[in-house]
Amino acid sequence: MSPDTGPLSTSVGTAEFPARAPQRLKVSFEFSPPKTEAAERTLWETVNRLTPLQPTFFSVTYGAGGSTRQRTHETVARLKSDTGIDAAAHLTCVAATQGEIDDVARAYWDAGIRHIVALRGDPPGGMGGKYSVHPGGYENAAALVAGLKKIGPFQISVAGYPEKHPDSADAKADLENLKRKVDAGADRCITQFFFEADDFLRFRDSAAAAGVRVPVVPGIMPVSNFQGISKMAGLCGSKVPAWLASLFDGLDDDVETRRLIAATVAGDLCRRLQSEGVEQFHFYTLNRADLTFAICHLLGVRPR
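Residues numbered from 1 in each chain as written. Predicted model: local features only at pLDDT ≥ 70, side-chain atom pairs only at ≥ 80, totals over all residues. Heavy atoms only, no water.

S.K.: Can you walk me through the packing of aromatic side chains in this structure?
M.R.: If you walk through the whole model with that rule in mind, you get eight aromatic pairs. The interplanar angle of 85° and the centroid separation of 5.0 Å between the aromatic rings of W109 and F154 together place this pair among those described as edge-to-face. You can see W109 sitting in helix α3 (residues 98–110) and its partner F154 sitting in the loop between α4 (141–151) and β5 (155–160), a full 45 residues away along the chain. In this structure W109 comes out as partly exposed when scored by relative accessible area, which is 24%. Given the relative accessible area of 1%, F154 is considered buried. Aromatic side chains F193 and F195 sit 5.6 Å apart centroid to centroid with 55° between the ring planes, which places their arrangement in the tilted category. (Phe/Tyr/Trp six-rings, centres within 6.5 Å; stacked < 30°, edge-to-face > 60°. Helix = DSSP H or I, 4+ residues; strand = E, 2+ residues; numbered from the N terminus. Buried < 20%, exposed > 50% of the residue type's maximum accessible area, 1.4 Å probe, protein only.)

Next comes the structure, spelled out in structure tokens:
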């Protein structure tokens, strides 16, 4: 892969188009609970657009410090009832005791929600702040997974970091933490977003070597707002390659071209991963359907 051109150097004409491939990829989509009426309309338009792709599940995020707890619950419940598709609720350890978190989990179970994305979570001040264990709370995501399994046989997804979590001492410690989450009962690892296929492939192979025996699913973030994603990447430990920055150079006022490039870059990343045996993708949609739908179409995931 050329550092100057990035994944766009791959020759599309030499590979079979995924749309013609015999297997159907599995996809899932992440949303955030809406804060305004306008945002709510956009979210449900997005849901209606993506539902015909028959994802394995939708997931709904949980704000820093549990700030969106009620809206997350309402969104997850409506997704489940309106679409019939499995809906997963994010749940974190932040700013709550074990008893309070257990009550939230039981409420999900009673509402028919059987899938939890269990996370340590960001500090109440957001990404980049210093994390501290809440008095009487779960110490970390591994402890949360173990606690959830005591409440019921939830399906549990946890996070993985191809380029290491910012709070981990090194890659080895990071993998050890992932292994603890899996040993506690996690069923799947969904990764933080990344832009270099080799970073994910290296992480996947290292996780397998460390004894992680659950699917490791790449988290895909289509980039249309380069400045915004650069800031987010800096906080969560994902690097932004120079070739990616060069692709968006001079396009600050050209939304349409940025979105075309975003779909091309993310589609090319997914095709490279597919060629390396990846059969599941989790898309961070930012509550918008167009880029995710286009990428899925390129990959052969289409309404039946």
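Read on for the rest.
S.K.: It is not clear to me how helix α2 (residues 69–83) should be interpreted in this structure. Could you clarify?
M.R.: Since one α-helical turn is 3.6 residues long, residues separated by three or four positions face the same way. Here α2 is 15 residues long and its end C-alpha atoms lie 21 Å apart, about the 21 Å a rise of 1.5 Å per residue gives. Here α2 has its buried residues at T72, T75, V76 and L79. Projection of α2 onto a plane perpendicular to its axis shows the buried side chains occupying an angular sector of 100°, all on one side. Facing away from the buried side of α2, by more than 90 degrees, are the exposed residues Q70 and S81. On its buried face, α2 sits against β1 (26–31), α1 (37–50), β2 (57–60), β3 (87–92) and α3. Two residues or fewer after α2 comes G84, characterised by a positive phi angle close to 75°. (Expected span 1.5 Å × (residues − 1). Arc of directions from axis to C-beta. Contact = heavy atoms within 4.5 Å.)

S.K.: Just checking my understanding: could you explain the environment of Q227 for this structure?
M.R.: Tracing the chain through its elements places Q227 in helix α7 (residues 226–236). A residue is classified by how much of its surface remains accessible, and Q227, at 54% relative accessible area, is exposed. For the pair Q227 and A245, spaced 18 residues apart in sequence, the C-alpha separation works out to 9.3 Å.

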